[in-house]
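Take a look at the letters that make up each chain.
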Amino acid sequence: MKTTELLECLKIKQVIGHLPNQIKSIHHDSRNVQNKSLFVCISGFTVDGHDYYRDALKKGARVIVANRSLTIDLEKNALIIVPDTIKALAKLANTFYHFPSNKLNIFGVTGTNGKTTVTSLIHDMLRKLNQKTAVAGTNGMLINKHYFQTANTTCDVLTNQQLLHRAYQEGVDHVIMEVSSQGLSQGRLSGINFDVAVFTNLSQDHLDYHHTMENYGYAKGILFAQLGNDMTSPKYAVLNCDDPWWKTYNYFTSAEAITYSIYTDAIFRATNINYHTDTTEFTLQSPEGKHLIQSNLLGEFNVYNTLAALASLYVKGYSITTLVPLLRGMSTIKGRMERINVEAPVTIYIDYAHTPDAIEKCVHAVRSSKNSEQQLIMVVGTGGERDKEKRPLMGEKASQADTVILTINDPRNEDSNKILTDMEKGMLHNNYSLIPDRKQAIKQAIQLSKPGDIIVIAGKGRENYQIIGDKKYPHSDASLAIEQVKITYPD
Ligand SMILES: CC(=O)N[C@H]1[C@@H](OP(=O)(O)OP(=O)(O)OC[C@H]2O[C@@H](n3ccc(=O)[nH]c3=O)[C@H](O)[C@@H]2O)O[C@H](CO)[C@@H](O)[C@@H]1O[C@H](C)C(=O)N[C@@H](C)C(=O)N[C@H](CCC(=O)O)C(=O)O
Ligand SMILES: Nc1ncnc2c1ncn2[C@@H]1O[C@H](COP(=O)(O)OP(=O)(O)OP(=O)(O)O)[C@@H](O)[C@H]1O
C-alpha cells in the first residue's frame, strides 16, 4: 500500500525522515517483521515495544511508529511520532486491510462463561445451512477449513484484521468471535464493525486483571457501545435478561435488544425444561411461536447458550422453524459437559468449568438428571497466578457435590499447596481431599466411585497441556480418566 495513503488515517502525527513509497506489511512484534514494513512500538505489560525498534529495522522495517523520539537513520527510514501507538496500530491495521469487517457479517459473543459454546452453536448451525463461516476464540480461528492457532481467546488488533481480511478473501459470509473483557479493554477489537453482540452472563473471574466487578462488567460493555449509532445498517444486542448486567448493556447501545431468559419475561424464553443424562428438552417461546427443542447439550447453562444462539441467528433472518431441527443433530461441544465414552458402570463428564458460577451450573446440570442413589464425585481445579479471589468461592460451589477433590489446572509458578488451601477455605462439608497432582486427583475420583456414580472432571475440558512453571506439558483429562477406568473397572 502507498505509505502516504496509509498514513492519512492518523490525524495527529509528526513524520520525520525518509518515507518509503510503499509499505508491504505492518507489525507490532519485532520477531515477525518482514522487509519493507511498518513497525508499531507498543508499551506492553511485560516489555516495551520501543525497546525492539532496532531489531525491527534490522529485519527490514522502514517506518517506525512510536510515542517518542528514537535514534534512527533518517536518511533511509522514517519515524512517525503519535500520541497513542495502540490506537494508531488499530487505525493502521484497519486501513491496511481495507476494513474487512465492513464486508462481513460479524457476531461477537461476550460473557464470563458460555462464549465458546455459543460461538460454536452459531457456527455449527450456519455450516449446516451451507454458509461460509469463520469462528475465533479459545480454540483458535477456523476460516472455512483452515485452522490458525492464536495466542489469545481474543487476538491482538493486527491479527484480528489479518484474519478478517483472509476470511473475506476466502469468501466467508459470517464470522463468529469470542470477545474477552481483556481483549476489549486493550483495544484488540478496535474497528471491528460487529452486527450482532451477544451477552451470556457476568460472574466473578479475572479480578487479578480488572480488580473490581464494575471494571470487569464495564469492559464487556465496550462490545455493546461498539455496535455504534449508525442506523442505516441493522445491529442487534442479544441479551440474557436473567442476568442484571443486561440492563447496563442495553443502556450502552442504541441497537435493538433481543432478550432471552429462563426465569424472566423475554423475547426468547425456555419453559418446561427436562434434563436427562444425555439430552435436554424444553419449550421455546419465540417471535415465531412455540417450538419443542431437543438437544444433546446438557444442563441449564446450555439452555441459555442455545437460546442465545437461536436469537442471534433469528435476527439475521434465519427462521426458527429452520433452526430447530438443526439442534437435534448437533453434537456436544468438545470439553463442555462432554460425556466420555467408557466401558464401565459409571458416567464421566469432562467440563471446562473454572469459575465459581460455571462450577455451580455444572453441578446443577448433573443434579437435575441424577437419582438420589447416585453419588456425584467432582474434581475441581483452578490455575496458579490467576484470580485468587475466586478460589474459596469455587470450593463453596463445588461443595454441592457429594465428594470433592480439589486439584490444580495449571500450577504455573505458584505454590500448589497455597492454591489448594485457598480453595479449601470455601468448602462447606468435609468430604473432600486436596490432591495437587491432577493425574492423581483423577485417579482418586475414579477409585472412589461405585457403580452408578457420576464423576465430573472440571477445569480443563479438552485442553491437551498443563502449564507447570513456564512450560507446557502434554496432558489430557479424558485419556487419564479412560486409563484409570480400565484399571478400576477391568470387566
Ligand atoms: C496481560 C495481557 O493481556 N497481555 C497481553 C498483551 O501482552 P503484553 O502487554 O505483555 O505484551 P508484551 O509482551 O509486553 O509486548 C509489548 C509489545 O512488544 C512487542 N515485542 C515483544 C517482544 C519482542 O521480542 N519484540 C517485540 O516487538 C510485542 O509484540 C508487543 O507489541 O498483549 C499480547 C498481544 O495482544 C497478548 O497476547 C497478551 O495476552 C497474554 C498472553 C494473556 O495471557 N492475556 C490474558 C489476560 C487474556 O487476554 N486472556 C483473555 C481470555 C480470557 C478468557 O477467555 O477467560 C484472552 O482474550 O486471551
Ligand atoms: N451460559 C453459561 N452459564 C454458566 N456457565 C456456563 C455457561 N456456558 C458454559 N458454562 C460453563 O463454563 C465452561 C466453559 O464454557 P465455554 O468454554 O463455553 O465458556 P467461555 O466463556 O468460552 O470460557 P473461556 O473464555 O474461559 O474459554 C463450561 O464447561 C461450563 O461449565
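Definitions and limits used
- Residues numbered from 1 in each chain as written.
- Chains lettered and ligands numbered in written order.
- Predicted model: local features only at pLDDT ≥ 70, side-chain atom pairs only at ≥ 80, totals over all residues.
- Heavy atoms only, no water.
- Domains from an automatic or database assignment.
- Contact = heavy atoms within 4.5 Å.
- Salt bridge = Lys/Arg side-chain N within 4 Å of Asp/Glu carboxyl O.
- Polar contact = N/O pair within 3.5 Å; in protein donor to acceptor, adjacent residues only side chain to side chain.
- Helix = DSSP H or I, 4+ residues; strand = E, 2+ residues; numbered from the N terminus.
- Near = heavy atom within 4 Å.
- Areas by Shrake-Rupley, 256 points an atom, 1.4 Å probe, with all protein chains shown as cover.
- Nonpolar A, V, L, I, M, F, W, Y, C, P; charged D, E, K, R; others polar.
- Buried < 20%, exposed > 50% of the residue type's maximum accessible area, 1.4 Å probe, protein only.

Caption draft 1: Broad picture of the domain arrangement of the protein chain. Looking at the assigned domains, one finds that the protein chain contains domain 1 (3-96), domain 2 (100-328) and domain 3 (338-488). For domain 1 versus domain 2, the distance between C-alpha centres works out to 34 Å. At the interface, 9 residues of domain 1 touch 10 residues of domain 2. Along the contact surface separating domain 1 from domain 2 lie 0 salt bridges. In this structure, the connection of domain 1 to domain 2 is made through 3 residue pairs in polar contact (both at pLDDT 80 or more). Among the elements of the structure, β2 (25-27) and α3 (85-96) are those that each provide at least two residues to the side of domain 1 that touches domain 2. At 5 residues, α3 tops the list of elements feeding residues into the side of domain 1 that touches domain 2.

Caption draft 2: Seen up close, the site of ligand 1. In the neighbourhood of ligand 1, 21 residues make up the surrounding shell, with Phe45, Thr46, Asn152, Ser180 and Gln186 lying closest. At 3.4 Å from an oxygen atom of ligand 1 is found a side-chain nitrogen or oxygen belonging to Arg31. A distance of 2.8 Å is found between an oxygen atom of ligand 1 and a side-chain nitrogen or oxygen belonging to Arg188. Contact with the protein chains removes 75% of the 1,100 Å² of surface that ligand 1 exposes when unbound. Residue composition of the shell around ligand 1, grouped by class: 5 nonpolar, 12 polar and 4 charged.

Caption draft 3: Looking closely at the side chain of Lys460. Secondary-structure assignment places Lys460 in the loop between β22 (454-458) and β23 (465-468). For Lys460, a relative accessible area of 1% gives the class buried. At 2.8 Å, the side chain of Lys460 and the side chain of Glu463 are in polar contact. The residues touching Lys460, leaving out its near neighbours within four places in the chain, are Asp351, Tyr352, Asn409, Asp410, Arg438, Tyr465, Gln466, His475 and Asp477.

Caption draft 4: Spotlight on the side chain of Asp205. Within the secondary structure, Asp205 is located in the loop between β11 (196-199) and α7 (207-210). On the accessibility criterion, Asp205 (3% relative accessible area) is buried. At 3.4 Å, the side chain of Asp205 forms a polar contact with the side chain of His206. Within polar-contact distance, the side chain of Asp205 engages the side chain of Lys390 at 2.8 Å. Not counting residues up to four positions away in its chain, the partners in contact with Asp205 are Thr112, Tyr216, His354, Thr355, Asp387 and Lys390.

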